[in-house]
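# Descriptive structure summary
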2 protein chains.
Amino acid sequence: MDIVAVGTVALDSIETPFGARDGVLGGSATYLTMAARYFVDEVGLVAVVGRDFPTPYMERLRDSGVDLLGLTTDEDGDTFAWKGRYRYDLNDRDTLATDLNVLATFDPVLPPAYQKARIVCLGNLDPAIQQRVLDQVEAPEFVILDTMNFWIDHTPEALVEALGRVDCLIINDAEARQLADEPNLIRAASQIRAMGPDVLVIKKGEHGALLFTEETVFSAPAYPLEDIEDPTGAGDTFAGGFAGYLASVGTYNVDGLKRAVVFGSAMASFCVQRFGPEHLQDLTEEAIRDRVEAFRALSAVPELVLP
Amino acid sequence: MDIVAVGTVALDSIETPFGARDGVLGGSATYLTMAARYFVDEVGLVAVVGRDFPTPYMERLRDSGVDLLGLTTDEDGDTFAWKGRYRYDLNDRDTLATDLNVLATFDPVLPPAYQKARIVCLGNLDPAIQQRVLDQVEAPEFVILDTMNFWIDHTPEALVEALGRVDCLIINDAEARQLADEPNLIRAASQIRAMGPDVLVIKKGEHGALLFTEETVFSAPAYPLEDIEDPTGAGDTFAGGFAGYLASVGTYNVDGLKRAVVFGSAMASFCVQRFGPEHLQDLTEEAIRDRVEAFRALSAVPELVLP
């Protein structure tokens, strides 16, 4: 298995200034795997859904080429449901409801084929569960962890323990400041890398992403889009493109990581142009390549002519 | 005269998490000219100060190489004074006091030598006054305008009229959204450019800057600094480096504008490392060149290896 992504599959209800949808296919593992499978063939999803999960959504995931051996259906409850509303400029959102449902008792068990995963993506779950997943994989090349303010607040010890076992952390800028308890993002990054992950990616939404490694800081812009419909899943889609690119090339050096950030940003830019993961269903290799080239052009500084 | 900057010279009282200073030399024209004079020899400042303006500050400006023929002293009042406090992460600030003092009756008169300025920088003042300054210049190569939410709210007609007469507008992202009444920054940029300025620079603080022209969008990161002491004046310093670079090369094509954004960003990154304009006093050509090269490295995407 090239990539195994553990996380959520959800039913989302989303309001943006451009419309509202109920019961949209969502969840971190959904976006991540739907993006990653453009880069490698074997992408496995580990998550749980409930008895209400629509069959067409199951088919949509399968038709996308995502391996569903790790997706279990818990007939005792309903699917994890999230309801949120984005504000005027799409940079802030209010969570209106979070119904954990079957997620509350989710304790992922990896199918044997998944235990030799090359890249493991630990979606935003209880850090104790993230660690139990790590206990089940043999010798992954690269482990990526996602987390959020809830776990930073409520399970800081388990989170720090998990961070000590991963290669890469992907979080947003507010979470990075909170995790390090340090307002300066650059100092926060150093402190977080000292907790374990060699590689840190800080997502900044419409402002792009920063990559930190031992040797370098790299800044990638967000793609300037006129037609953003729904930012839901952008971060997970970024992670999917990032992990997918790394898995496809199989190297984890600085240049490879920078390229992976650009591919992740490109995939995220497609995601936000439609509601839910809609746009992740029908991309072409050419469309992805073109957008990645546009990213390069966007931030390329011409050879400097000194005054 | 290479550059004439009309704006404010102020006495600032600044609180940041790293300290507090009273009566610091400040004002938009101060920061702008102190940055610009690294690039060209003839930089003229048009502003007013009051009877309380300290002689050492006057000397500091003069010693920096700024031409003070356009700086008048109004003995009937005190210097424009601003007091502000930055919050925890330095991204937000509260204005605690604004005493216009002699600025309230300021009606700039350009000395004859200034009327042939190659580049005119119209600092954040009443758009009617900005236009009266434009009436006094003969055939400038490039006119740059700065504004703020107050003028967007209170004098929208005069502002739009002024925008129709300039080549370039430099504002921050919140002001851009407000001016265009459009939450999407890319669409806002198109609408603002349709109001007059061919070139639009949107400043995003710690997230860098975006350049919009007819042909292109260019994204420049902010420099990742661990030692930010005081963000005051960063935007005006950016404008000074931007205008200074353009004046030094004398061309206004897309590549030149991109380079100017990088030089402006580099100058702003120096500014925020010390309180007030302190760090703008003693930079070397080498330090500026090194930082500009670091900017290039920061966002350079390695040649893409497609998966």
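Everything in this summary refers to the structure shown in the same document. Since the model is a prediction, treat every value here as computed from it, not as a measurement.

In this section: the sheet that holds strand 3 (residues 19-26) of chain B. All names here are of chain B. Strands sit in the order 3-2-6-7 across an open sheet of four strands; the sheet is mixed. The open sheet terminates on both sides in strands that have one partner only, identified here as strand 3 and strand 7 (93-99). Pairwise comparison of adjacent strand axes, ignoring direction, gives a mean angle of 15° for this sheet. The pairing of strand 2 (residues 10-16) with strand 3 spans six bridges and is antiparallel. By the bridge assignment for strand 3, Asp12 is matched with Val24. Along the sheet, helix 2 (residues 55-63) contacts strand 2 and strand 3; its crossing angle with strand 3, the most-contacted strand, is approximately 70°.

In this section: the pairing of strand 12 (residues 209-212) of chain A. All names here are of chain A. On strand 12, burial covers both faces: Ala209 and Leu211 on one face and Leu210 and Phe212 on the other are all buried. Note that strand 11 (residues 199-203) and strand 12 share four bridges and pair antiparallel. In the strand pairing of strand 12, Lys203 is matched with Ala209. Counted between consecutive antiparallel strands, the loop separating strand 11 from strand 12 contains five residues, among which Gly205 sits at a positive phi close to 55°. Across four bridges, the pairing between strand 12 and strand 13 (residues 217-220) is antiparallel. By the bridge assignment, Leu211 is partnered in strand 13 with Phe218. Counting the residues in the hairpin turn of strand 12 and strand 13 gives four residues.

Time to look at helix 8 (residues 234-249) of chain B. Residue and element names in this part refer to chain B. Taking 1.5 Å as the rise per residue, helix 8 with 16 residues should run 22 Å; its terminal C-alpha atoms sit 23 Å apart, in good agreement. Of all 16 residues making up helix 8, 13 are buried, and the element is well covered by its neighbours. Gly250 lies just past helix 8 and shows a positive phi near 70°.

So, on to the packing of aromatic side chains. A complete count under the given rule lists 14 aromatic pairs over all chains for this structure. Measuring from ring centre to ring centre gives 4.8 Å for Phe150 of chain A and Trp151 of chain A, while their planes differ by 90°; the resulting arrangement is edge-to-face. According to the relative accessible area criterion, Trp151 of chain A is buried, its value standing at 15%. On the basis of an interplanar angle of 40° and a centroid distance of 5.4 Å, the ring pair of Tyr223 of chain A and Phe295 of chain A is categorised as tilted. With a gap of 72 residues between them, Tyr223 of chain A in the loop between strand 13 and helix 8 (234-249) and Phe295 of chain A in helix 10 (residues 285-299) connect regions that are remote in the sequence. On the accessibility criterion, Tyr223 of chain A (24% relative accessible area) is partly exposed. Clustering of aromatic rings is evident, with ring pairs tying together Phe39, Tyr245 and Phe263 of chain A. Taking NZ or CZ as reference, Arg37 of chain B lies 4.1 Å from the ring centre of Tyr38 of chain B, over its face.

Glancing now at the side chain of Arg118 of chain A. Residue and element names in this part refer to chain A. With respect to the element layout, Arg118 can be found in the loop between strand 7 (93-99) and strand 8 (119-122). Within polar-contact distance, the side chain of Arg118 engages the backbone oxygen of Ala247 at 2.9 Å. Here Arg118 is in contact with Met1, Asp2, Pro140, Glu141, Phe142, Ala247, Gly250 and Tyr252, once residues within four sequence places are set aside.

Let us look at the interface of chain B and chain A. Each partner contributes residues to the interface: chain B has 49 residues there, and chain A has 49 residues. Regarding the contact of chain B and chain A, the summed buried area is about 4,400 Å², with carbon and sulfur atoms giving 59% of it. Taken as a group, Glu226, Arg296 and Leu304 of chain B account for 14% of the area that chain B buries against chain A, more than any other trio of residues on that side. The interface formed by chain B and chain A holds four salt bridges in total. Across the pair Glu303 of chain B and Arg296 of chain A runs a salt bridge whose closest N-O atoms are separated by 3.5 Å. Where chain B meets chain A, there are 16 residue pairs in polar contact (both at pLDDT 80 or more). Elements with a minimum of two residues in the side of chain B that touches chain A: helix 6 (173-180), helix 7 (185-194), strand 13 (217-220), helix 8, helix 9 (254-271) and helix 10 (285-299) of chain B. Per element, the largest residue contribution to the side of chain B that touches chain A is seven residues, and it comes from helix 10 of chain B. For the side of chain B that touches chain A, a count of residues per class yields 25 nonpolar, seven polar and 17 charged.

This paragraph deals with the pattern of salt bridges. One pass over the structure, following the stated rule, counts 28 salt bridges over all chains. In this structure, the salt-bridge partner of Glu206 of chain B is Arg177 of chain A, at a minimum N-O distance of 2.9 Å. Of this pair, Glu206 of chain B sits in the loop between strand 11 (199-203) and strand 12 (209-212) while Arg177 of chain A sits in helix 6 (residues 173-180), placing the two residues on different chains. Here Lys116 of chain B ties to Glu138 of chain B by a salt bridge, and the two come within 3.2 Å at their closest N and O atoms.

What counts, and where the lines are drawn
- Residues numbered from 1 in each chain as written.
- Chains lettered and ligands numbered in written order.
- Predicted model: local features only at pLDDT ≥ 70, side-chain atom pairs only at ≥ 80, totals over all residues.
- Heavy atoms only, no water.
- Pairing = 2+ DSSP bridges.
- Helix = DSSP H or I, 4+ residues; strand = E, 2+ residues; numbered from the N terminus.
- Axes fitted to C-alpha atoms, helices over the stretch in contact; angles between N-to-C directions.
- Contact = heavy atoms within 4.5 Å.
- Buried < 20%, exposed > 50% of the residue type's maximum accessible area, 1.4 Å probe, protein only.
- Expected span 1.5 Å × (residues − 1).
- Phe/Tyr/Trp six-rings, centres within 6.5 Å; stacked < 30°, edge-to-face > 60°.
- Lys NZ or Arg CZ within 6 Å of the ring centre and 35° of its normal.
- Polar contact = N/O pair within 3.5 Å; in protein donor to acceptor, adjacent residues only side chain to side chain.
- Buried area = accessible area lost by both parts, 1.4 Å probe.
- Salt bridge = Lys/Arg side-chain N within 4 Å of Asp/Glu carboxyl O.
- Nonpolar A, V, L, I, M, F, W, Y, C, P; charged D, E, K, R; others polar.

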